[in-house]
Amino acid sequence: MTRSLPKSMVAPPLGEIVERQLVELRAVAGPDADRWLNDGSLVRRLRAVWAASDFVATNCLREPQLIEELANGEVSARRAGDWARLLDARTNGAVDAADFSRRLRRTRRREMSRIAWRDLTGTATLDDSLAELSDFADASITAALAYAREELIPRFGEPRGSHDDVQELIVLAMGKLGGRELNFSSDIDLVFLYPGAGRTDGPRSLSSEEFFSRLCQRLIHYLDAVTEDGLVFRVDTRLRPFGASGPLAMSLGAFEMYLQQHGRDWERYAYVKARPVTGAAEQDALFQSILRPFVYRRYLDYGVFGSLRRMKELIERESSRRDLSDDIKSGPGGIREIEFIAQTFQLIRGGRDPGLRARGLLEVLPKIERQQLIGPHVATELEAAYRYLRSVENRLQAMHDRQTHALPRSPLERSRLASAMGYADWEGFANELEQHRTCVARHFARTLFGPPEASRGAGLESQLAGTWDGSAERGEAALARAGIENVREIQESLVRLKQSGFYRRMDETSRERLDALIPNLLLAVGRLEHQVLAWRRLERIVEAVARRSAYLALLNENPLVLGRLAGLCAQSGFVARQVASYPLLLDELLDPRIFDSPPTRAQFSADLDIRLARAEADGLEQQLEALGRFQRAAMFRVAMADLGETLPLMKISDRLTDIAELTLEHALKLAWTELVARHGRPMCDSNVKRRTVGFAIVGYGKLGGLELGYASDLDLVFVHDSNDLEARTDGAKSLDNAVFFARLGRRIIHLLGTPTRSGILYQVDMRLRPSGNSGLLVTSVDSFRRYQQERAWTWEHQALARSRTVAGDADVRSAFEVVRREILRGHVDRTRLAQRVPQMRERMRKQLGRGGTGRFDIKQDHGGLADLEFLVQYWVLSGAHGEPALVEYSDNIRQLEALACAHCIGKATARRLTDIYLTYRRRLHRIALDDADELVTDDEFLTERAYVRRVWEVSLETGSKGK
């Protein structure tokens, strides 16, 4: 006597259907049915799966032994290699093509049932299911291709290329299969390629094109043909070159030519996910020389905005025109919108950032958020929605093994889907689904930087366009309406621009973009002060970026960036010149944080690490280019903080110094790694063990004093800690340590001064090293100490007071700082200090001063910045032997504080000199941002200059201290 079935946990009417199927199972399975149905755990799983998938239930009733396989095989997923072995075992021994086709389809039916079972019982994650579906498709393609080739070769022979090499078909998976994200009942989008021209070597010779065309037809037939056993996968080849009218298979050479001459932006979008399933030998060439350059531009690809916007509008129109409210793929807030968001950033930025070239959406989304291309938590929300929608899609299709994305209408099917998703009723499921779709739709609407700002008036832009087209009378009125004050000068500038050689040389696309941009530029300028100045600077930028018109597209697509750029041009000649020289800086304007939150060293460091990690695989040249892009972008951000007054003056110099230090650290790392790879590490014997010799970079002057400006050179000295004159590197091509360090120093200077697309990093001045230009480029710390003790001039000790280590080995840096303090406290000739400091200052003034009648040189004239700095150096050197705190720091501000605390000068003097110092520095920063001359009118800074001169006279001309 058999036990009765447990009561169904599935809501009616599904429960009644499942009960009838369980009764039917007894009839078709015989004794096995009793064993299965007496297993309470198995019955619960059967009820849940059969309620959710009529496809699985039908297959189980058709082949009852499948239940045993499902119950025993639900624990683990198959891996990629498992599928090839499985298909080989199940198709091996096929007597003919019909038998092979039948075996392949029956395998498909059983494996799809297993994948659905694991999904619906919660044994598999979504990632497991998508991977298994994709791997099974790959294995099916490979098996069908192998069988089809075996059919053709006896008749036609092997296809061979010009070098008698056997040619293989490259099956390129596109879409979800390309991204290894295949859903349960999806088409597979394929493109077929072969290496090149050739012929088969059989009795009935065919060209390679003919052979591979026949091979593709057979392959498609084995996968796509519907028989009594169903099909394996529907195959869609419409993404191939020229679409349905193009050849079924194309050579790599013809494919490359097609992409170059006919490839459209939507095809770039499609090929983001392209992945070769077969033809491994040709894959590297396919991607490195053909697909990657087509899909991913080397620059930030703003030129694709227009095409992406049209694609987005097409998606929106299709969604609104057709009733797609129930379509979880193409409808509002559906899967396609999430894919569009991710692939938009891939196309625009993937050329610059290799990390964005991943095919899988779930791999790309967090990278987009980490780079702050989307707001905080957006990737998390989109990933959650994507996982939910893909789960719905899989379970919707697993219900009847049909390719559908439409939510069901009938109560029975709604109950089935809700049950599959783990809900007691449709309402609970529908509410959560709607929340996810609303979230996706909101983010999709914001993609491509949101809608353009409203213009001042629909007619004004067209009238300004008329000004650009040459209508002078109408143009003057339009310019006035736009707020332009000096109409005549702006209009004359427009005429010159339109008649210029660079405009005539532009291609049609570039001209269209510039024609669209000019009216918006004029509107932006009309809102500003200093309009003519801003316009002239904008004009130079336009001429510069027009050579890469994608930047024109950026400005057209993003009015916010255009407005920011116009405002910056009115404020700063330096910023305008930087953008004109390095248009990639326009990308920085996309990030609103550069105006709202000041940068930090930690942010700069993280940004540089990311940039160098992207470029690491591309070699030294690209790493150097990445270093240059970092330096330009970081300085640009500091300038934004300076103009916006979100950072105080001293923090501005701190950040500029941070940029230099980070750049030096990585330049040293690049040079060190390169030389060590070639010659090994420099070694020496210490008291304890043999060790690697350390190296450090010392900063002098503005770098040493943490006072860098936007265009400052770097005064550097290189030191190491080896004292063994005969020590060598430990590599196969060994060098004397001295030669190694000389090469290392020259290599660092070369890296810093090498021109790249981002310009040079820094001009380097090494004249402050021991013995100046006649001295060794790199010296040991001990040699440096002896030089400073025995041979250094007073001015060199002055310079040493403004020095500090900025990069390199920690032990060497510590050793140098010890030497620096020792020299400044114990080896300065204080008896003649009061004579030598003024003598050196007068020599500098004669060589560098540029002031004269009616003009004041803030840096070099009497009472200027250099006088103040020399005073501080004099006081530090005078008092350091008795006050260690005076040599603790290398910057003027903290040295003045230390002098006051040590009672070397009066506190009132220190405060007043600090205020004057900051006043001078603040003005010099502003002059640098304006690209102006450091000479100001002679009536400026009268009280400041007089005070510095008075303190100078008291302190140095009488030899006493300032009071």
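For the structure itself, look to the data block above.
Below: a short report on this structure. (Residues numbered from 1 in each chain as written. Predicted model: local features only at pLDDT ≥ 70, side-chain atom pairs only at ≥ 80, totals over all residues. Heavy atoms only, no water.)

**What about the side chain of S510?**
In this fold, S510 is placed in helix 24 (residues 508-525). Filtering out sequence-adjacent residues up to four positions away, S510 remains in contact with A546, S549 and L552. (Helix = DSSP H or I, 4+ residues; strand = E, 2+ residues; numbered from the N terminus. Contact = heavy atoms within 4.5 Å.)

**Observations concerning unusual backbone geometry**
In this structure, L706 takes a positive phi of about 55° despite not being glycine. In this structure, L706 sits in the loop between helix 33 (701-704) and strand 11 (714-720). Positive phi outside glycine occurs at F941, with the angle close to 60°. Looking at the secondary structure, you find F941 in the loop between strand 16 (935-937) and helix 42 (942-957).

**A word on the pattern of salt bridges**
On inspection of all chains with the given rule, the structure shows 70 salt bridges. E19 serves as the salt-bridge partner of R47, at 2.0 Å between the closest nitrogen and oxygen. Placement of R47 in helix 3 (residues 40-52) and of E19 in helix 1 (residues 14-29) is noted, with a sequence separation of 28 residues between them. For R47, a relative accessible area of 3% corresponds to the buried category. R106 is the salt-bridge partner of D229, the closest N and O atoms lying 3.5 Å from each other. With a gap of 123 residues between them, D229 in the loop between helix 10 (208-224) and strand 5 (235-236) and R106 in helix 7 (residues 97-120) connect regions that are remote in the sequence. For R106, a relative accessible area of 40% gives the class partly exposed. Here the salt bridges do not stand alone but share partners, grouping R78, R90, E111, R114, R118 and E132 into one network. (Salt bridge = Lys/Arg side-chain N within 4 Å of Asp/Glu carboxyl O. Buried < 20%, exposed > 50% of the residue type's maximum accessible area, 1.4 Å probe, protein only.)

**Focus on the nonpolar core**
Ranked by size, the top nonpolar core spans 108 residues in total, and within it L514 and I697 carry the most contacts. When residues in this core are grouped by element, the largest group, 13 residues, is from helix 31 (residues 620-644). Contacts of L514, omitting those with residues within four sequence positions, involve W468, F502, Y503, M506, V542 and L552. Membership of the second largest hydrophobic core comes to 73 residues, among which are W36, L86, L223 and F233. (Core = buried A, V, L, I, M, F, W, Y, C linked by side-chain atoms within 4.5 Å.)

**Remarks on the side chain of R632**
If you trace the backbone, R632 turns up in helix 31. Summary of buried charges: R632 has no salt-bridge partner, and the nearest side chain of opposite charge, E625, is 8.9 Å away. Leave out the neighbours within four places in its chain, and R632 touches Q578, Y582, L585, S758, G759 and I760. (Lys, Arg positive; Asp, Glu negative; His and termini not counted.)

**Some details on the pairing of strand 10 (residues 695-700)**
Along strand 10, 6 of the 6 residues are buried, which leaves the element largely enclosed by surrounding structure. Pairing between strand 10 and strand 11: 6 bridges, direction antiparallel. When the bridges of strand 11 are listed, F695 appears paired with H720. Pairing of strand 10 with strand 14 (residues 804-808), which is carried by 4 bridges, proceeds in the antiparallel orientation. Residue pairing for strand 14: A696 is matched across the bridge by G808. (Pairing = 2+ DSSP bridges.)

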